[in-house]
Amino acid sequence: MALIEVQDLKKTYKIGTVEVPALNGVTFKVEYGEFVAIMGPSGSGKSTLMNLIGCLDRPTGGKFILDGSDASKLTDAARAEVRNRKIGFVFQSFNLLPKMSAFKNAMLPMMYSSQRRDPKRVREALESVGLGHRFHHTPMQLSGGEQQRVAVARALVNDPPVIFGDEPTGNLDSATGVEIMAIFQRLNNEGKTVIIVTHEPDIAQHAKRILRFRDGLLESDEQVEEQLIAVPRPRE
Amino acid sequence: MGILDAIQTGLTELLSHKMRSMLTMLGVIFGVAAVIAMVSIGEGAKQEALDQIKQMGIDVIHIRRASITGELANRAEERSPFGLKASDARIIDEVCTFAQMVVPTREVFADVKVGEKPVSVKIVGTTSGYLSVSKSELQSGRFLRDKDIHDHLSVCVLGAAAKRELFGFDDPIGKMVKANNRLFRVVGLIKPKEIGSAKAFSTMRDLNSDIYIPINVSETDFKIASQQAVPSDVIMLQRIAQKLMSKQSPENSSLSEVIVQLDSEEATGPAASIIRSILNRTHRGIRDYEIIIPAELLKQSQATQRIFNIVMAAIAGISLLVGGIGIMNIMLATVTQRTREIGVRRCIGATRWDIVRQFMLEALVITCMGGLIGIVAGVGGAKLISDFAGWRTMVSMQAIIVSFGVSALVGVVFGMYPAVRAAMVDPIEALRYA
């Protein structure tokens, strides 16, 4: 069974009376443990696809199965639960809550879950991204790379099967970007499925498979022959 | 998200904008403080009125002479020249067999001095029943007796303030008081009566500075202390001439007040209508008297209190409404400002309901904190008013609970719309929001 199964997925936006097609029927599968990069120019439909498989939006046609259950026809509350339990989001602009400490930010998904809150798990998540010493700093007191690590820890805290990264290195310098990619690769090696959207070919080369989109259609689906291994430079 | 987490989030949010939170709360603070302070004043005034009316006794009827002026005064002079008279008291006593006691009083002009210093006391001629109908108690000695009146004895009973004026801290019993060149022997002393700081009713007077003497003694030696009807000059001269010629009989002597003691409060209504019809006949329709029914006054004051309470509630309602609108305004601004935060929360698993609850709780925290501060300010305000203005205030627990409840309700009502707006935010749009 595949983690993600997309069949003829369509999405059309209505702007006034005009219908604007964004995704014109896309079909692919992502197995457990894959590392996929989604690429494409602006308007190619990659963001729309991300929103759909991230359960933030509903398709206007087609089927989308996530972790064995049909996620295309869920209610709003059910989709919220799927986002909480099955998906970890990492955004381009980090999207941490500015008034909360790193620790609380990382704990946030637990607060919306029915599970018992587990500070130990939060600590482990933060330590696994190398932020063991900055629990009580607010995002303002952290560098961009550190903020993104908090975001990754937040994505990990409920132990979801898949991590979605929407241009996760877009706001970072290249060295820091490589550090984040190293974390993603490590998570992937530990068994997590990782899907990232990016338009930087260098970043996409860190994945094992690249899906290219153009004009709302899947243009190509290829395995990466020479996967770049991210080796973060040691910090002085 | 647990409710405690949500409250904590709300508090953190409020504390991170202290100034804005404070300003937002002000409406509720003022509303609640105003309600509590005003209800306290109202309760205090009500209590005062009740005490005073109870002091008069609710099972009595007072009939007082009333001064009338203008055209009516001329007719009064013709038809009922002596105002409230001893004969009125006698007729009431005869007709109202159900009355326990009918006690006449005469407040008279008198010149009372200690040494050469004039003293502000009031001499009141009355009968032995006065002590009980005025709900007074003896401190020492005895009150006037029927025998004093029968024998025209020059004895007097002092009110507490009168005693203090005349004798200071000495024991007055057996000592003499000089009034209009006549000496009275003090036979009794009355306990001080609590009169209250503000007089709720014009009919109340301070009984503490009274000196009581036998009513017939007051008739022979003193003039009644009241403006009788004032007719025009010519008619007045005629009347004076007539009066001088016709010898004034004891039957016609003027009274200040007649107090009728009844069995119970319920008897006052029917008794008052009987007395009214008697006096209407004997005074030939001239209303130179007024009938005061304390039980009735009590009802009136309670009715007034009810109206006061309704007005109070309306004012409170308006100020809380304004406060609530202020809160809604700020919450709407907050929702817009925090669109991105809402997007993030939704993205990591918050349901719409989680968002509604979070913003509702924030509004609720604002209004409840405002309510608490308002309660403190209101109670403090009531205390200040009673300290500086000398009004009696009574902080009522009911007012505190109700106004706190209403401020919480304001939080729910006015927090609802912004919270729903927050929940309707599309997470995709919200994440894109700068």
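Residues numbered from 1 in each chain as written. Chains lettered and ligands numbered in written order. Predicted model: local features only at pLDDT ≥ 70, side-chain atom pairs only at ≥ 80, totals over all residues.

*Asks:* For the overall build of chain B, give the residues involved together with the corresponding values.
*Replies:* Summing up its helical and strand segments, chain B has 15 helices and 12 strands in all. Relative to its 434 residues, chain B shows a buried fraction of 43%. Considering only intrachain contacts with a sequence separation of at least 6, the fraction spanning at least 24 residues in chain B is 85%. (Helix = DSSP H or I, 4+ residues; strand = E, 2+ residues; numbered from the N terminus. Buried ≥ 20, exposed ≤ 12 C-beta atoms within 10 Å, placed from the backbone. Contact = placed C-beta atoms within 7 Å.)

*Asks:* Account for the pairing of strand S7 (residues 162-166) of chain A, with residues named and values stated.
*Replies:* All names here are of chain A. With 5 of its 5 residues buried, S7 lies for the most part within the structure. Taking every second residue as pointing to the same face, both faces of S7 are buried, with Val162, Phe164 and Asp166 on one and Ile163 and Gly165 on the other. As paired elements, strand S6 (residues 87-90) and S7 share 4 bridges and run parallel to each other. Directly across from valine 90, in S7, lies its bridge partner glycine 165. Summarising the sheet, S7 and strand S8 (residues 193-197) pair through 5 bridges and their orientation is parallel. Within the sheet, the bridge partner assigned to valine 162 lies in S8 and is threonine 193. Following the backbone out of S7, through helix H6 (residues 174-189) and into the adjacent parallel S8, one traces a crossover that is right-handed. (Pairing = 2+ DSSP bridges. Right-handed = clockwise from strand over helix to strand, strands pointing away.)

*Asks:* Can you explain the interface of chain A and chain B? Please cite residues and give values.
*Replies:* Taken together, the contact between chain A and chain B spans 20 residues of the former and 17 residues of the latter. Those elements that place two or more of their residues in the side of chain A that touches chain B are helix H2 (76-86) and helix H3 (102-111) of chain A. Considering each element in turn, the side of chain A that touches chain B owes the most residues, 6 residues, to H2(A). Its residues assigned to classes, the side of chain A that touches chain B comprises 10 nonpolar, 4 polar and 6 charged. (Nonpolar A, V, L, I, M, F, W, Y, C, P; charged D, E, K, R; others polar.)

*Asks:* If you had to explain the packing of helix H2 (residues 18-56) of chain B against helix H11 (residues 294-337) of chain B to someone new, which residues and values would you point to?
*Replies:* All names here are of chain B. In contact at an axis separation of 9 Å, H2 and H11 are set at 175° when each is read in the N-to-C sense. Considering their axes alone, H2 and H11 lie roughly antiparallel with respect to each other. For the contact of H2 with H11, a count of residues per class yields 20 nonpolar, 10 polar and 2 charged. (Axes fitted to C-alpha atoms, helices over the stretch in contact; angles between N-to-C directions. Parallel < 35°, antiparallel > 145°, perpendicular 65-115°, else oblique.)

*Asks:* Describe helix H4 (residues 119-128) of chain A, and please don't skip the residues or the numbers.
*Replies:* Among all positions of H4(A), only Val122(A), Ala125(A) and Leu126(A) are buried. On an axial view of H4(A), the arc spanned by its buried residues comes to 95°, and they lie on one face. (Arc of directions from axis to C-beta.)

*Asks:* Please set out the environment of Cys55(A) residue by residue, giving values where relevant.
*Replies:* Mapped onto the elements of the fold, Cys55(A) is located in the loop between helix H1 (46-53) and strand S4 (61-66). Discounting residues that sit within four places of it in the chain, Cys55(A) has contacts with Ala71(A), Arg79(A), Val82(A), Arg83(A) and Ile87(A).

*Asks:* Lay out the sheet that holds strand S9 (residues 209-214) of chain A with the relevant residues and their values.
*Replies:* Residue and element names in this part refer to chain A. The strand order across the open sheet built from 6 strands is S6-S7-S8-S3-S9-S10, with neighbouring strands paired in mixed fashion. Strands with a single pairing partner mark the edges of an open sheet, and in this sheet they are S6 and strand S10 (217-223). Each adjacent strand pair in this sheet contributes to an overall mean axis angle of 20°, direction not counted. Pairing of strand S3 (residues 35-39) with S8 involves 4 bridges; the strand directions are parallel. Bridged to isoleucine 38 within S8 is valine 197. In the packing of H1 onto the sheet, the strands contacted are S3, S7, S8 and S9, and the crossing angle to S8 comes to about 145°.

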